[in-house]
Amino acid sequence: MKRVLAANITKMMKYIDIGANLTDPMYQGIYNGSAKHEPDLAHVLQRGWTGGLDKIIVTVGTLTDCEPTFDILKNDDRLYATVGCHPTRCGEFVSDPEGYLGSLCRHIENNRERVVAIGECGLDYDRLQFCAKDIQRMYFERQLELAGKYALPLFLHCRAAHDDFTEILHRNLDNLPRRGVVHTFDGTLEAAEALIADGFYIGINGCSLKTEQNLAVAAQIPDEWIMLETDSPWCEIRPSHAGARHVKSKYPTVKKKEKWEPSSLIAGRCEPVMISQVLEVLAGIKGKPVAELADQYYKNTLNMFFPKECA
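Below, the structure is looked at part by part. Remember, predicted model here, so these are calculated numbers, not experimental data.

So, the nonpolar core
Point 1. Ranked by internal contacts, the top residues of the largest apolar core, which has 81 residues, are Leu-22, Leu-154, Leu-169 and Leu-282.
Point 2. At 7 residues, helix 9 (residues 275-286) tops the list of elements feeding residues into this core.
Point 3. Dropping the residues within four chain positions of it, Leu-154 is found in contact with Ala-117, Ile-118, Cys-121, Leu-144, Ala-147, Leu-169, Leu-176, Arg-179, Gly-180, Val-181 and Phe-200.
Point 4. One finds Ile-16, Ile-18, Ala-117 and Met-227 within the second-largest nonpolar core, a separate group that totals 15 residues.

Put into structure tokens, the structure is as follows:
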């Protein structure tokens, strides 16, 4: 009887994945430039819907991501998108800043009902070999202008840059009416509290739950400020991660070169359906029921990205 009841509760839970990189070549069966199996994005999405996903926000990280992203969105009205430029790609602005921004604007305006955030944008000081700090800061701030112009929240990225990141956000708060979420958060509790104080949500995925220190921080973030994500095909919860001991749902996988079929999950490739595992880890470290947290995180995400559904 208890098992049946648990299964029914699981079926009632709904998720929104706030960050999935569905244009990644892995979902076309391509790994490091080599085709290993047939394109299987349709099967990946179907697994997600069957697993309780209600919506997925597809992450755009550069102008060239836009067209393939909106091609994917045409096929399913449960898919939405961000529009922006990842900090490691901000060098793309340099040759024609106004032209690049104008192109981002056109994609937003041409897909106004499906674009729910500006991003992925922010600062990444871990990978300065791709883009220098001054360029990142300049074009992060220019993208904040788009959030104000279109009254959209932000989908934010911060790596090893907390002080500059929060200073830029704080200085622009008056022009950011809908704030946003810092995705793949793996910082300190103090960093999370500073962001929350300015009205920003905290996005949690497998990379946020790798270490015991990560778990200690995530356990203390207030539930009303958390959103769930996978950052797929990246950021799966691996057996070596501290959070893995709290995972209940298992997804058997195959190697990409062997025994692939449409129902296969690929070893080392995260999928949106795995969002259930992120929830399970949070429930485990917080000592709370998964259904209670699922409901809270779902409401948080609706409030930020789909406010019309909360009216």
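Here's the deal with the pairing of strand 9 (residues 200-204)
Point 1. Strand 9 sits mainly inside the fold: 5 of its 5 residues count as buried.
Point 2. As paired elements, strand 8 (residues 180-182) and strand 9 share 3 bridges and run parallel to each other. If you follow Gly-180 over to strand 9, its bridge partner there is Phe-200.
Point 3. Running through helix 7 (residues 189-197), the crossover from strand 8 to the neighbouring parallel element strand 9 is right-handed.
Point 4. Strand direction decides the pairing type here: strand 9 and strand 10 (residues 226-228), joined by 3 bridges, are parallel.

Details of helix 9
Count 3.6 residues to each turn of an α-helix, and residues three or four apart come out pointing the same way.
Point 1. Counted at 1.5 Å a residue, the expected span for helix 9 with its 12 residues is 16 Å, and the 17 Å between its end C-alpha atoms agrees.
Point 2. With respect to burial, helix 9 is a largely interior element, 11 of its 12 residues being buried.
Point 3. For helix 9, the set of buried residues is Ile-275, Ser-276, Gln-277, Val-278, Leu-279, Glu-280, Val-281, Leu-282, Ala-283, Ile-285 and Lys-286.
Point 4. If you follow the buried residues of helix 9, they end up packed against strand 1 (15-20), strand 4 (53-58), strand 9, helix 8 (212-220), strand 10 and helix 10 (290-305).
Point 5. Following helix 9 by one or two positions, Gly-287 has its phi on the positive side, about 65°.

Describing the pattern of salt bridges
Point 1. Inspection of the entire model under this criterion finds 20 salt bridges.
Point 2. A salt bridge links Asp-186 to Arg-159; its shortest N-O distance comes to 3.9 Å. One end of the pair, Asp-186, is in the loop between strand 8 and helix 7; the other, Arg-159, is in strand 7 (residues 154-159), with 27 residues separating them in the sequence.
Point 3. Here Arg-159 falls in the buried class, since its relative accessible area comes to 14%.
Point 4. Note that Asp-295 is salt-bridged to Lys-299, the shortest N-O span being 3.1 Å. Here Asp-295 pairs with Lys-299, and both are found in helix 10, just 4 residues apart, close to one helical turn.

What counts and what doesn't
Residues numbered from 1 in each chain as written. Predicted model: local features only at pLDDT ≥ 70, side-chain atom pairs only at ≥ 80, totals over all residues. Heavy atoms only, no water. Core = buried A, V, L, I, M, F, W, Y, C linked by side-chain atoms within 4.5 Å. Buried < 20%, exposed > 50% of the residue type's maximum accessible area, 1.4 Å probe, protein only. Helix = DSSP H or I, 4+ residues; strand = E, 2+ residues; numbered from the N terminus. Contact = heavy atoms within 4.5 Å. Pairing = 2+ DSSP bridges. Right-handed = clockwise from strand over helix to strand, strands pointing away. Expected span 1.5 Å × (residues − 1). Salt bridge = Lys/Arg side-chain N within 4 Å of Asp/Glu carboxyl O.

Scope: geometric values only; no functional claims are made or implied.
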